[in-house]
Amino acid sequence: MTGAPPLDCLIVGGGPAGLMAAIYLARFRRRVCIVDAGASRAALIPRSHNVPGFVHGLSGAELIERMSAQLHELAVTRVDAEVTALQRHDQGFLASWNGRAHAAAAVILACGIVDTHPPFDEWRAAVADGLLRYCPVCDAFEASGRRIGVIGPLARAAGKALFLRGYSHDVTLLATAPDDDPVATSRLAEADVDVLFAPDLRLRRRGEGVEAIFTDGRTAQFDTIYPAMGAEVRSRLAVSLGAEHTGEGYLKVDDHQRTSIDGLYGIGDVVTDLHQISVAFGHAAVAACTIHSSLPQRFA
């Protein structure tokens, strides 16, 4: 363990949720450190129109850059590394990164999720160009009137396809696995959503859109594709301590963002499937205020 005094709070993850929590805690004059592995999902956002105050939107990378500059002004320590282990300690927690252990009174997990991508070799460039979109709540408005494909198991993808049907009359569900749920099938039919069974579908860019290639050689053209294939929730550190979680891996927290492990907090995508920057900001503010109140008071 390093000889440095324990942190008031360690924040794991440098996306919008983690950065917001750090801004709050730094302004509370708490000793805080962000450890970030450099894989923020938000950094992939080509342009978000859901962030208040930015009339024409801004990219996820620009948002992170602006918030990071704010943290720099507050002299917050940021480490580019991956936290590989987390364990309980008499001072709170011991977190390991770069082969060394560091003590912290409280820990915020803002690790987010990793989307399961469709079979699309150029998926990253397609995301940057708005051809591949993961959050209809964020950007279905921008896809209004377009030819939209939703890809994933029917049970998982049906809800997303029905939501998108409110923005376009041309929505097709590309089902990678069938489903015997007659209610979902009936609702899709009533909404005039086409359903195509496509277990081994491949995607590629074609012109200004995306081409879906079926196993029998048939193709279908779309302006944009929304995957609904699930995600890996980065909750391993909390789960290793015995934190309560859902079957999908989302951490269970109370209304103060506290997990079932005392002193351990979860915010942002690691606790909810409503993947919104504004939600992450709210979680961060609540967690930071709760942590500040739980620690011994500091006097000027």
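See the structure printed just above.
First, a word on scope: everything that follows refers to the structure included in this document. Small disclaimer: the values here were computed from a predicted structure and weren't measured.

With 33 residues, the main nonpolar core has Ile11, Leu25, Ile108, Ile267 and Ile291 as its most contacted residues. Looking at this core, the elements with two or more residues in it are strand S1 (7–12), helix H1 (16–27), strand S2 (32–36), helix H2 (60–73), strand S6 (100–109) and helix H8 (277–294). It is H1 that contributes the most residues to this core, 8 residues altogether. Contacts of Ile11, omitting those with residues within four sequence positions, involve Gly18, Ala21, Ala22, Leu25, Val32, Cys33, Ile34, Val35 and Ile108. Counting 27 residues, the second largest nonpolar core, distinct from the first, contains Val79, Ala81, Phe93 and Val107.

On to the sheet that holds strand S14 (residues 224–227). Pairing is parallel in the open sheet, where 4 strands are placed in the order S10-S9-S8-S14. Edge positions in the sheet fall to strand S10 (194–197) and S14, since each of these pairs with one other strand and no more. Shown here is a sheet whose adjacent strand axes are inclined to one another by a mean of 25 degrees, direction ignored. Relative to strand S9 (residues 171–175), strand S8 (residues 148–152) runs parallel, the two sharing 5 bridges. Its bridge partner lying in S9, Gly149 is registered against Thr172.

Turning our eyes to something else, we now look at H2. In this model H2 runs 20 Å from its N-terminal to its C-terminal C-alpha over 14 residues, within 8% of the 20 Å that 1.5 Å per residue would give. Turning to H2, its buried residues are Gly60, Leu63, Ile64, Met67 and Leu71. Viewed end-on, H2 has its buried residues packed into an arc of 95 degrees, placing them on one side of the element. Exposed positions of H2 whose direction lies more than 90 degrees from the buried face are Glu65, His72 and Glu73. Turning to H2, the residues buried within the fold contact H1, S2 and H8.

One key point about sheets: their strands pair by backbone hydrogen bonds, in either a parallel or an antiparallel sense. In space, the 3 strands of this open sheet follow the order S11-S12-S13, with antiparallel pairing throughout. Looking at the sheet topology across the chains shown, the edges are occupied by strand S11 (202–206) and strand S13 (219–222). Strand-to-strand twist across the sheet, computed as the mean angle between neighbouring axes with direction ignored, equals 30 degrees. Bridging between strand S12 (residues 209–213) and S13 involves 4 bridges; their strand directions are antiparallel. Across the sheet, residue Ala212 finds its bridge partner in S13, namely Ala220.

The rules behind each value
Residues numbered from 1 in each chain as written. Predicted model: local features only at pLDDT ≥ 70, side-chain atom pairs only at ≥ 80, totals over all residues. Heavy atoms only, no water. Core = buried A, V, L, I, M, F, W, Y, C linked by side-chain atoms within 4.5 Å. Buried < 20%, exposed > 50% of the residue type's maximum accessible area, 1.4 Å probe, protein only. Helix = DSSP H or I, 4+ residues; strand = E, 2+ residues; numbered from the N terminus. Contact = heavy atoms within 4.5 Å. Pairing = 2+ DSSP bridges. Axes fitted to C-alpha atoms, helices over the stretch in contact; angles between N-to-C directions. Expected span 1.5 Å × (residues − 1). Arc of directions from axis to C-beta.

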